Amino acid sequence: MAAIAWYGPLIDLSKAPSSVGDFVQLIVFVHRSTPVQYKLSKGGTVIRTDIQVGDDSRPFFSISLWQKQMGAMVFAGDVILLQNVKITKFGDTVEARSVHCSSLLSLVHPYEQLISKGLDELIADCRLGLTAKEKLRKVIQWVQQAGSTPYHVHPDHYQRLRLTKNWKVREERISRDFLSISEVLHLSNSCGATFYASIGEIFLPYNWNTIGDFEKERMFISRRFFTLEDNNIIEDLICTGCQLCGSPLDSDSATEQNRVQLYCPQSSNHLHVVCLIYQPFMLYVWDESEYIPLLVRNKAAECLFGNTKAERVHSSYKKQKGEQNAIPKAKLANSHSCADNKLEPDDNHENPNYYMIWIILLKLLVQQGKNSPLKFEITVNANLERENGRFEMVNVLMPFFKTNGYPLGT
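Residues numbered from 1 in each chain as written. Predicted model: local features only at pLDDT ≥ 70, side-chain atom pairs only at ≥ 80, totals over all residues. Heavy atoms only, no water.

On to the packing of aromatic side chains, then. Summed over the entire model, instances satisfying the criterion amount to 14 aromatic pairs. Judged by centre distance (5.1 Å) and plane angle (70°), the ring pair of Phe-203 and Phe-220 falls under edge-to-face. Taken together, the residues Phe-203 in strand E8 (residues 191-203) and Phe-220 in the loop between helix H7 (213-218) and helix H8 (221-224) connect sequence positions 17 residues apart. For the pair Phe-203 and Phe-220, one class covers both residues: buried. Every member of this aromatic cluster is reached through a ring pair, and the members are Trp-66, Phe-203, Phe-220, Tyr-284, Trp-286 and Tyr-291. The aromatic ring of Phe-220 is capped on one face by Arg-48, whose charged end is 4.4 Å from the ring centroid. (Phe/Tyr/Trp six-rings, centres within 6.5 Å; stacked < 30°, edge-to-face > 60°. Helix = DSSP H or I, 4+ residues; strand = E, 2+ residues; numbered from the N terminus. Buried < 20%, exposed > 50% of the residue type's maximum accessible area, 1.4 Å probe, protein only. Lys NZ or Arg CZ within 6 Å of the ring centre and 35° of its normal.)

Closest axis-to-axis distance for the helix H11 (residues 310-320)/helix H12 (residues 354-365) pair is 7 Å, and the angle between their directions is 115°. Comparing their axes, H12 and H11 come out roughly perpendicular. When H11 is examined against H12, the residues Arg-312, Val-313, Ser-316, Tyr-317 and Gln-320 are found in contact with a partner set consisting of Tyr-354, Tyr-355, Met-356 and Trp-358. Here the residues of the contact of H11 with H12 are counted per class, giving six nonpolar, two polar and one charged. (Axes fitted to C-alpha atoms, helices over the stretch in contact; angles between N-to-C directions. Parallel < 35°, antiparallel > 145°, perpendicular 65-115°, else oblique. Contact = heavy atoms within 4.5 Å. Nonpolar A, V, L, I, M, F, W, Y, C, P; charged D, E, K, R; others polar.)

This part covers the pattern of salt bridges. Under the defined criterion, the tally for this structure stands at eight salt bridges. The salt bridge partner of Lys-135 is Asp-12, with a shortest N-O separation of 2.6 Å. On the criterion of sequence distance, the pair formed by Lys-135 in helix H4 (residues 130-146) and Asp-12 in the segment before strand E1 (23-39) is long-range, its members being 123 residues apart. One salt bridge in this structure joins Asp-55 and Lys-135, with 3.0 Å as the shortest N-O distance. Residue Asp-55 is located in the loop between strand E2 (45-54) and strand E3 (61-65), and its partner Lys-135 is located in helix H4; the two are separated by 80 residues in the primary sequence. Relative accessible area serves as the criterion here: at 1%, Asp-55 is assigned to the buried category. (Salt bridge = Lys/Arg side-chain N within 4 Å of Asp/Glu carboxyl O.)

This paragraph deals with the nonpolar core. Ranked by internal contacts, the top residues of the largest apolar core, which has 46 residues, are Phe-195, Phe-281, Leu-283, Val-285, Leu-294, Trp-358 and Phe-376. Look past the residues within four positions of Phe-195 in its chain and what remains in contact with it is Phe-178, Ile-181, Val-184, Val-285, Ile-292, Leu-294, Leu-374, Lys-375, Phe-376 and Ile-378. Formed by 21 residues, the second largest nonpolar core is a distinct cluster that contains Leu-26, Phe-61, Met-70 and Leu-82. (Core = buried A, V, L, I, M, F, W, Y, C linked by side-chain atoms within 4.5 Å.)

With that out of the way, let us pick up the environment of Ala-197. For Ala-197, the location among the structural elements is in strand E8. For Ala-197, a relative accessible area of 1% translates into the label buried. Counting along the chain gives 94 residues from Ala-197 to Tyr-291, while the straight-line C-alpha distance between them is 8.6 Å. Non-local contacts of Ala-197, meaning those with residues more than four positions away in its chain, are made with Ile-181, Val-285, Trp-286, Ser-372, Pro-373, Leu-374 and Phe-376.

Tracing the backbone through its elements, the reader meets Glu-302 in helix H10 (residues 298-304). Take Glu-302: its relative accessible area is 11%, and that puts it in the buried class. Discounting residues that sit within four places of it in the chain, Glu-302 has contacts with Tyr-278, Asn-307, Thr-308 and Lys-309.

Take the confidence of the model for the chain next. Of all residues in the chain, 74% have pLDDT values of 70 or greater, and the mean over the chain is 79. Predicted confidence is poor over residues 329-337, with pLDDT under 50, and the contacts of this stretch with residues over four places away or in other chains come to 15 contacts. (pLDDT = per-residue confidence, 0-100.)

Here it is as structure tokens:
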């Protein structure tokens, strides 16, 4: 195999904050590997693999891999060499990301070798320079001494950690409770399901003919909060659509999966109730076993955003920009506008800034790895693919927890 030129030094993870903007080389242990995948309507797939790694200087560190072939080479429990990755900073978070010249080399695979083989034997099997071998020695010693294990959870583990509930399940309830996302992913029949998971990412399925590297990153909301020139999050997440079925009603906002529908399936007279709605998006949630993409339409998005309607957020945004007209370019239907039903502000109190509240909440939701699990209620449509709405969110609830971390209820 041809040697890869190094564009930067081999560093400890603890030195990453002082290397922001630079290319570096890393030898790390992989705790977790989580792919985020979405099939584009015009063909092709956007893939990002988020891995959580550690070394002898820093136990946990996040890396984003944007090359499909690199993501396919990573397994939890491996010790890997990452070459020519770039250290970046998003807000207060420092992480690494792969670029076009990055590469990955598996040094110890599978994880069982770290347990069964001796230190000298593991290092002797790797063709590395003296500096890299010394770093590899430190990482392996750290893994063996600290007892670090990959986040693989055996199905029996969930039988031992059954959640205790303080409510009774009604017999007429159709929705089924599941202990893990992996169980939901294996459902072959259409049904309702509830499970606990943590939010990881919000993905916007843009309807672009050609997508470059920078546009790919804009499809992930968590990345856009820390790009100074990107101030169009609200314009991309809010559009003109139907309040009842949540379908966008302008061609610019509609994707192949969410085509403009002539009739509303949720209305008794089949007419759309036109107003500002949240653009349908994919919500990626995780637990210890798997990740799952949830299709989120307007009603579910309102629950996710603290029961805040899109019209209130957009109106507050327009007022903050000093504009008089809070209605978008599309004309609303007079006889079927949900503006007639909007709540009037209390004359005795100043209107809150719904836009700023919404932005703060959105930032908190996409802080991957820092949020507690929520209880998700979804519908499963077995006739659809995973990226086309097979799992659609209906509601989200915040559970109460005992001091030992087990949910009591909602």
